Amino acid sequence: MGFELGRLKTGTPPRLKKSTIDWDALPEQLGDEAPTPFSDLTDRAASFPSLQQIGCRQTSTTAAINDLIRANIHRAPMFSGQIASIGPRYCPSIEDKVVRFAERDSHGVFLEPESLRDDWVYCNGISTSLPADVQDQIVRLMPGCEKAHIYRYGYAVEYDMVRPHQIHATGHTRLVEGLFLAGQINGTSGYEEAAAQGLVAGINAAHRALGRPEFILGRDQAYIGVLMDDLVTKTPVEPYRMFTSRAEHRLLLRADNAPDRLTPLAVQLGLLDSSSRGERRRQVFAERRAQAAQLSAAIDASRINGQQLSQIIRGSTLELMDLKRALGQGGFAASLATITESVWETVFADRRYEPYLVRQHAEIKRQAELEHRRLPEVIDYRSLPHLRAEARQALAKFRPRTFGQAGRLEGMTPADLTLLSVLVARLTRPDAGGGAAGAASPREPMPVS
């Protein structure tokens, strides 16, 4: 179809038989004492988590294993030249770690049971593509695994991807009308990143079929918005993984306030159907908003030793339990008895970081004009005068939809963006006769504020 392709690499570790591991002799690694559910529909006070929680164990590689890997490094596809692509930076193979961190004598390995139904154990930390005979030795040189049976050996794969400057932030391809791409094909790592793209592409494919406007999440609305924007403004040289550090507005994008950010969008998009679960989601959200307003009002009305609680909460000494205790002593215990734990956590965070949140909202407002100011879809960037060659190349390659996206392109400077604004204004003047900008009138993005 004419897409520019790239190649990326991923890998996996060996799987072991649990009963052949000296399990009880290894240090235990447990999950959270009080796990947090993903959904507000889950009642934490009930039987959560409903499944039996299984602990992991920890072992490690050794100096002998490192020597073994170095002696066989020429047999690893990544180092023999058989695989030339780059793998994910943040979960490298064990042979990659031995080479990159030569000063280390050992690397941690987590032994993770895969299921409640079988005895397969995932060796998190020794992803590898080394031959089976080398993997046998690596595993059996790890403490506690001297007699371990390997159910499945680790392996690496190299796969095609479509360089994502060829898609819009909706997942819609620039080359083929009606074709949407989502997942590792766009150069991300798997799991959450792939699922996020599937959600965005699915919504927009449905909107296209129904004749509705496109839906684009902003970088200040969701990590999905950061992910999609990064994909269409940067060239991935390794499988892209979403980190909080990639989001400039991460104080707004907290896990605890996800229902507040995203439930109204779900309602607006029609993603909450009329089933009992959809109605329950609406009801829980309405209750959440009412509880948050009630709790915030109680904070505003409370004082400790003559000082407003709303000011004290911004300090570093008052913790959530202190807040609950102070409001209880202030006579609000009965009225706040039904407030859910998730609402307590969100309101506490909002009030503690309020000055910083106000600052971030002001910055977002300042940037909004650039984020929503559309660039003509038909424009020959390579012919624009005065722009630096690097800026022209970046604009022609990525073809940003807005000035905000243009400002985030690799190779663009603030000076380039200012000049671009002047040039586009000239090209789109009524007396310019259409010029290089043509008469394109792209569809406006769906409002999501």
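Presented here is a report on the structure given in the accompanying data block.

About the cut-offs
Residues numbered from 1 in each chain as written. Predicted model: local features only at pLDDT ≥ 70, side-chain atom pairs only at ≥ 80, totals over all residues. Heavy atoms only, no water. Pairing = 2+ DSSP bridges. Helix = DSSP H or I, 4+ residues; strand = E, 2+ residues; numbered from the N terminus. Buried < 20%, exposed > 50% of the residue type's maximum accessible area, 1.4 Å probe, protein only. Axes fitted to C-alpha atoms, helices over the stretch in contact; angles between N-to-C directions. Parallel < 35°, antiparallel > 145°, perpendicular 65-115°, else oblique. Contact = heavy atoms within 4.5 Å. Nonpolar A, V, L, I, M, F, W, Y, C, P; charged D, E, K, R; others polar. Salt bridge = Lys/Arg side-chain N within 4 Å of Asp/Glu carboxyl O. Patch = residues over 30% accessible without salt bridge, like charges linked within 9 Å, V, L, I, M, F, W, Y side chains within 5 Å. Areas by Shrake-Rupley, 256 points an atom, 1.4 Å probe, with all protein chains shown as cover. Disulfide = S-S within 2.5 Å. Expected span 1.5 Å × (residues − 1). Bend = angle between axes of the 7 residues up to and from the residue. Phe/Tyr/Trp six-rings, centres within 6.5 Å; stacked < 30°, edge-to-face > 60°. Lys NZ or Arg CZ within 6 Å of the ring centre and 35° of its normal.

Comments concerning the sheet that holds strand E5 (residues 108-113)
Stage number 1. With respect to topology, 6 strands assemble into an open sheet ordered E3-E4-E5-E6-E2-E7, the strand pairing being antiparallel. Only two strands of the sheet have a single partner each, and these edge strands are strand E3 (28-29) and strand E7 (150-152).
Stage number 2. Pairing geometry for strand E4 (residues 56-60) and E5, over 4 bridges, is antiparallel. Its bridge partner being in E5, Gln58 is matched across the sheet by Phe110.

Re unusual backbone geometry
Stage number 1. Of note, Asn305 is a non-glycine position whose phi angle comes to about 55 degrees, a positive value.
Stage number 2. With respect to the element layout, Asn305 can be found in the loop between strand E9 (303-304) and strand E10 (307-308).
Stage number 3. Here Asn305 falls in the exposed class, since its relative accessible area comes to 83%.
Stage number 4. Unusually for a residue other than glycine, His386 sits at a positive phi of about 75 degrees.
Stage number 5. With respect to the helices and strands, His386 occurs in the loop between helix H12 (354-372) and helix H13 (389-398).

Here's the deal with the packing of helix H8 (residues 276-300) against helix H10 (residues 320-332)
The axes of two packed helices give the description: the angle between them and the distance between them.
Stage number 1. At their nearest, the axes of H8 and H10 sit 10 Å apart, and the two run at 75 degrees to each other. Classified by the angle their axes make, H8 and H10 are roughly perpendicular. In this structure, H8 uses Leu295, Ala298 and Ile299 to contact H10, whose residues at the interface are Leu323, Leu327 and Phe332.
Stage number 2. Residue classes in the contact of H8 with H10 are distributed as 6 nonpolar, no polar and no charged.

Quick word on the pattern of salt bridges
Stage number 1. Taken as a whole, this structure holds 33 salt bridges when the rule is applied.
Stage number 2. Between Arg140 and Asp136 there is a salt bridge whose closest N-O contact spans 3.8 Å. Placement of both Arg140 and Asp136 in helix H4 (residues 132-140) is noted, with a separation of 4 residues, approximately one turn of the helix.
Stage number 3. With a relative accessible area of 35%, Arg140 lands in the partly exposed category.
Stage number 4. For Asp230, the salt bridge identified is with Arg219, shortest N-O distance 2.9 Å. With Asp230 in helix H6 (residues 223-233) and Arg219 in the loop between helix H5 (192-210) and H6, the pair connects residues that are 11 residues apart, well separated along the chain. Of the two residues, Asp230 and Arg219, neither departs from the other in class, the shared state being buried.
Stage number 5. Here the salt bridges do not stand alone but share partners, grouping Arg219, Asp229, Asp230, Lys234, Glu248, Glu371 and Arg408 into one network.

Considerations on a nonpolar patch on the surface
Stage number 1. A cluster of nonpolar residues, Leu51, Ile54 and Leu116, forms a patch on the protein surface that exposes about 280 Å² of accessible area.
Stage number 2. Mapped onto the elements, Leu51 comes out in the loop between E3 and E4.
Stage number 3. Note on Leu51: relative accessible area 57%, which makes it exposed.

A word on the state of the cysteines
Stage number 1. This structure, assessed with the given rule, holds 0 disulfides.
Stage number 2. Cys56 carries a free sulfur, and the closest cysteine sulfur to it, the one in Cys123, is 11 Å from it.
Stage number 3. Residue classification places Cys56 among the buried residues on the basis of a relative accessible area of 19%.

Thoughts on the environment of Gly404
Stage number 1. Among the structural elements, Gly404 can be located in helix H14 (residues 403-407).
Stage number 2. On the basis of relative accessibility, which here comes to 6%, the residue Gly404 falls in the buried class.
Stage number 3. Put simply, Gly404 and Ala368 are 36 residues apart on the chain and 8.3 Å apart in space, counted from C-alpha to C-alpha.
Stage number 4. Setting aside residues no more than four positions away along its own chain, Gly404 makes contact with Leu370 and Glu371.

Brief notes about H12
Stage number 1. Here H12 contains 19 residues, and its C-alpha end-to-end distance of 26 Å stays within 8% of the 27 Å for a straight helix at 1.5 Å per residue.
Stage number 2. In the structure, H12 departs most strongly from a straight axis at Arg366, where the bend amounts to approximately 35 degrees.
Stage number 3. At its buried positions, H12 is contacted by helix H11 (341-352).

Re the packing of H11 against H12
Stage number 1. Between H11 and H12, the shortest axis-to-axis distance is 5 Å and the interhelical angle comes to 75 degrees. Considered as vectors, H11 and H12 are oriented roughly perpendicular to each other. When H11 is examined against H12, the residues Asp350, Arg351 and Arg352 are found in contact with a partner set consisting of Glu354, Pro355 and Leu357.
Stage number 2. Considering only residue class, the contact of H11 with H12 consists of 2 nonpolar, no polar and 4 charged.

Let's talk about the side chain of Asp230
Stage number 1. The exposure class of Asp230 is buried, given its relative accessible area of 6%.
Stage number 2. Contacts of Asp230, omitting those with residues within four sequence positions, involve Arg219, Tyr240 and Arg246.

Section: the environment of Met228
Stage number 1. Within the element layout of this structure, Met228 appears in helix H6.
Stage number 2. Judged by relative accessible area, which is 4%, Met228 ranks as buried.
Stage number 3. Along the chain, Met228 and Glu341 lie 113 residues apart, while their C-alpha atoms are 32 Å from each other.
Stage number 4. With sequence-adjacent residues up to four places away left out, Met228 is seen in contact with His168, Ala169, Thr170, Gly171, Gln197 and Val200.

Some words on the packing of aromatic side chains
Stage number 1. Under the definition given, this model contains 1 aromatic pair.
Stage number 2. Taking the centre distance of 4.7 Å and the plane angle of 10 degrees together, the rings of Trp120 and Tyr151 count as stacked. In this pair, Trp120 sits in strand E6 (residues 120-124) while Tyr151 sits in strand E7, placing the two residues 31 residues apart along the sequence.
Stage number 3. Tyr151 sits in the partly exposed class, given a relative accessible area of 30%.
Stage number 4. Directly above the ring of Trp23 sits Lys18, whose terminal nitrogen or CZ lies 4.7 Å from the centroid.
Stage number 5. A cation over an aromatic ring shows up here: Arg373 above the ring of Phe403, its NZ or CZ 4.1 Å from the ring centre.

Keep in mind these values describe shape, not function.
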